[in-house]
Amino acid sequence: MPLDTALSTDVRGLPLSGINDDQVQIYDALLTDIYHYVPGTAGLLETLLEDAPEFVLGHVLRGYSVMTDGFKSGEEAARGHLQRAKTLIGGATEREKLHVTALENWNNGNFAGRNGAWEEIISQWPRDLLAYRQLTGTLFWSGDKKRQLTAALQTLQHWSPAVAGYGLVLGPMAFALEEAGHYAKAEAYAKDALDINPTDLWSLHALAHVFEMQGRVKEGEARIEEVQDRLNDFNLFRGHIWWHLALFKMAQGKLDGALALVDKQIYPNSSTFYLDIQNAASALSRLEFQGVDVGDRWNRISEASEKTLGDHNILFTVPHQAMALARTSDEASLNRALQTWAAGSDDSTESRLASKAAEAMAKFQSKNYAQALEILYPIRFELAALGASHAQQDIYFQYMVMAASELSEFSKVRNLLRERIAARFETEDDFAKIKAKMTAIDSVSTKSEAAALLRGGL
């Protein structure tokens with residue numbers, strides 16, 4: 001690892017400019033809190049920068065935080081933090097300069113340049129927790145699962161239980177392994193991290209995905225319920241853990257319990273946060289597919305979606321906004337939303353896919369099942385480019401299966417049900433379960449039978 005000369009070093013021995021030894025301790029604790037999803041970190045960072053106004057990485061971190069919120073309207077504020085960091089670049093270390101480059105590229109929409117800067121950092125300074133967590137976190141929303149796993153693998157060898165923050169490296173490793181289908185190894189890393197901190201939410205999240213992909217729904221339910229009394233001590237990411245608990249309950253037919261989680265934990269108040277919209281819309285759709293009357297619960301999601309129309313950078317949100325708007329809005333409002341998304345569809349492949357998926361959701365909700373299926377079916381394997389996990393992306397298959405069921409196209413229903421589980425195995429036991437499900441799928445001939453298989457998870 002290259003050596004730099006700086007005033008202070010962090011808890012992992014990396015040089016920092018513009019900050020003294022006492023302030024470094026505050027920064028180290030702050031970074032730990034951020035990646036443990038502790039609320040209130042923005043105010044603590046602002047206070048730190050008031051005391052250390054020349055702390056380059058502090059200004060970069062503020063910019064990263066704004067960009068991570070996922071709103072286009074926040075880009076100007078992030079640009080201000082970037083400009084402040086750039087004024088201090090003369091005294092920055094080479095590592096810090098690369099962080100400034102990453103923020104500048106991100107702010108300019110150059111995602112390849114952003115990722116490249118972070119990859120360069122972790123290749124030279126593999127104990128840079130900031131670069132590691134930013135890279136693996138943003139790759140989650142680009143659909144590049146192989147790159148996510150590569151980043152985690154190349155970094156891990158430089159960490160050990162003796163290095164501060166070790167548990168915060170294990171969670172992304174576990175999640176990347178799970179998404180690659182290496183469930184046993186993912187489970188081991190997630191549990192190691194949870195042994196260090198039982199409420200490490202990203203590691204709990206990775207373990208929940210392992211249980212989901214292997215159909216271990218009772219274990220998943222029990223593991224989350226072990227810590228449920230503490231979940232609301234954390235920031236908004238907690239809603240996604242509650243979403244996983246709702247899925248585990250749905251899989252067991254506990255539909256009332258899942259609906260209660262929507263009301264109390266997943267979307268208790270109106271929220272424009274992208275993950276809240278995704279969680280709530282996905283949960284309500286799945287519940288409706290199981291015949292649950294969700295009443296007027298779509299209204300608040302629709303209102304939040306309309307308030308932020310065209311403002312979300314994380315494009316996986318767009319189809320979920322469309323679900324809500326199509327369920328509640330008048331035709332003019334819905335058309336305005338679809339036109340907004342279509343207008344941006346020339347910007348990138350991802351924008352085009354998001355617009356198409358949104359259109360399909362709208363068609364489904366208007367009971368135009370044939371057109372919904374016609375739009376989604378040809379692009380079903382491309383939609384992973386919008387990011388998110390396999391479990392989240394399953395919503396596309398759920399909509400397609402239900403659309404084909406409404407059309408009584410049960411040959412297509414069976415094909416889609418097979419496709420959604422075809423690669424979900426690692427061990428011989430997993431493979432035996434998949435073959436048993438395939439056999440069950442062969443006899444599906446009604447909408448209720450298809451819905452029951454969807455409820456059972458992946």
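Residues numbered from 1 in each chain as written. Predicted model: local features only at pLDDT ≥ 70, side-chain atom pairs only at ≥ 80, totals over all residues. Heavy atoms only, no water.

1. Details of the layout of surface pockets
In this structure, the second largest pocket spans a volume of roughly 330 Å³. Around the second largest pocket sit 18 residues that line it, and Glu288, Phe289, Met402, Glu406 and Lys447 are the ones nearest its centre. Among the secondary structure elements, those contributing two or more residues to the lining of the second largest pocket are α16 (274-289), α20 (349-365), α22 (390-406) and α25 (447-455). For the lining of the second largest pocket, the leading source of residues is α25, giving five residues. (1 Å grid on protein atoms, 1.4 Å probe; cavity = no way out; pocket = protein on both sides within 12 Å on 5 of 7 lines; lining within 4 Å. Points joined across faces, edges and corners; volume = space filled by probe spheres on them. Helix = DSSP H or I, 4+ residues; strand = E, 2+ residues; numbered from the N terminus.)

2. Section: the packing of aromatic side chains
Within this structure, the stated rule accounts for 20 aromatic pairs. On the numbers, 5.7 Å between centres and 75 degrees between planes, the contact of Phe289 with Phe364 is edge-to-face. Remark: Phe364 occurs in helix α20 and Phe289 occurs in helix α16; sequence separation between them is 75 residues. Between Phe364 and Tyr399 the ring centres are 4.9 Å apart and the planes differ by 75 degrees, which places this aromatic pair in the edge-to-face class. (Phe/Tyr/Trp six-rings, centres within 6.5 Å; stacked < 30°, edge-to-face > 60°.)

3. Topic: the nonpolar core
In this structure, Tyr27, Phe55 and Leu287 are the most contacted members of the largest nonpolar core, which totals 163 residues. The element that contributes the greatest number of residues to this core is α22, accounting for 10 residues. Setting aside residues up to four positions removed in sequence, Tyr27 forms contacts with Leu16, Ile19, Leu48, Phe55, Leu57, Leu61 and Leu130. (Core = buried A, V, L, I, M, F, W, Y, C linked by side-chain atoms within 4.5 Å. Buried < 20%, exposed > 50% of the residue type's maximum accessible area, 1.4 Å probe, protein only. Contact = heavy atoms within 4.5 Å.)

4. Some remarks on empty space enclosed by the protein
Inspection of the entire model under this criterion finds three cavities of 30 Å³ or more. Every residue along the wall of the second largest cavity is listed here: Asp10, Arg12, Leu14, Tyr27, Asp28, Leu31, Leu57, Arg95, Arg127, Asp128, Leu129 and Leu130. Looking at the lining of the second largest cavity, the elements with two or more residues in it are α1 (21-35) and α7 (129-139). Counting residues per element, the lining of the second largest cavity draws most heavily on α1, which supplies three residues.

5. Overview of the side chain of Gln393
Examined against the element boundaries, Gln393 turns out to sit in helix α22. Among the residues examined, Gln393 registers a relative accessible area of 9% and is labelled buried. At a separation of 3.1 Å, a polar atom in the side chain of Gln393 contacts the main-chain carbonyl oxygen of Gly387. Discounting residues that sit within four places of it in the chain, Gln393 has contacts with Lys145, Phe316, Ala384, Gly387 and Ala388. (Polar contact = N/O pair within 3.5 Å; in protein donor to acceptor, adjacent residues only side chain to side chain.)

6. Quick look at the pattern of salt bridges
If you walk through the whole model with that rule in mind, you get 22 salt bridges. Across the salt bridge formed by Glu94 and Lys97, the nearest N and O atoms sit 3.3 Å from each other. Residue Glu94 and its partner Lys97 are both found in helix α5 (residues 94-107); the two are separated by three residues, about one turn of the helix. For Glu94, a relative accessible area of 44% corresponds to the partly exposed category. The exposure class assigned to Lys97 is partly exposed, which follows from its relative accessible area of 28%. The salt bridge partner of Arg352 is Glu382, with a shortest N-O separation of 3.2 Å. (Salt bridge = Lys/Arg side-chain N within 4 Å of Asp/Glu carboxyl O.)

7. Topic: unusual backbone geometry
Here Lys367, not a glycine, exhibits a phi torsion of approximately 70 degrees, which is positive. Tracing the backbone shows Lys367 in the loop between α20 and α21 (369-376). Lys367 sits in the exposed class, given a relative accessible area of 61%. Despite not being glycine, Ala388 has its phi angle at roughly 85 degrees, a positive value. Relative to the assigned elements, Ala388 resides in the loop between α21 and α22. Relative accessible area serves as the criterion here: at 0%, Ala388 is assigned to the buried category.

8. Observations concerning the packing of α16 against helix α18 (residues 317-328)
Put simply, α16 and α18 touch, their axes get as near as 9 Å, and they point 55 degrees apart. When the axes of α16 and α18 are compared, the pair comes out oblique. Relative to α18, the crossing made by α16 is left-handed. For the pair formed by α16 and α18, the contact residues are Tyr274, Ile277, Gln278, Ala281, Ser282, Ser285 and Glu288 on the first element and Thr317, His320, Gln321, Met323 and Arg327 on the second. When grouped by side-chain class, the residues that make up the contact of α16 with α18 number four nonpolar, six polar and two charged. (Axes fitted to C-alpha atoms, helices over the stretch in contact; angles between N-to-C directions. Parallel < 35°, antiparallel > 145°, perpendicular 65-115°, else oblique. Left-handed = near helix turned anticlockwise from the far one by under 90°. Nonpolar A, V, L, I, M, F, W, Y, C, P; charged D, E, K, R; others polar.)

9. Side note on the environment of Leu247
With respect to the helices and strands, Leu247 occurs in helix α14 (residues 238-251). With a relative accessible area of 5%, Leu247 lands in the buried category. In this structure the C-alpha to C-alpha distance between Leu247 and Gly220, which are 27 residues apart in sequence, comes to 9.4 Å. In contact with Leu247, other than residues within four places in its own chain, are Glu212 and Arg286.

10. Brief notes about the side chain of Gln321
Take Gln321: it is sitting in helix α18. Taking relative accessible area as the criterion, Gln321 reaches 1% and is therefore assigned buried. Within the local environment of Gln321, its side chain forms a polar contact with the backbone oxygen of Ser305, the two atoms lying 3.4 Å apart. Other than its neighbours up to four places away in sequence, Gln321 contacts Ile277, Ser305, Thr308, His312 and Trp341.

11. What to know about the environment of Thr317
Positionally, Thr317 belongs in helix α18. Residue class for Thr317 comes out buried when judged on its relative accessible area of 0%. It is 9.5 Å that separates the C-alpha atoms of Thr317 and Ala358, two residues lying 41 residues apart in sequence. When neighbours within four sequence positions are excluded, Thr317 is seen to be in contact with Tyr274, Ile277, Gln278 and His312. Only 3.0 Å separates the side chain of Thr317 from the side chain of Gln278, close enough to count as a polar contact.

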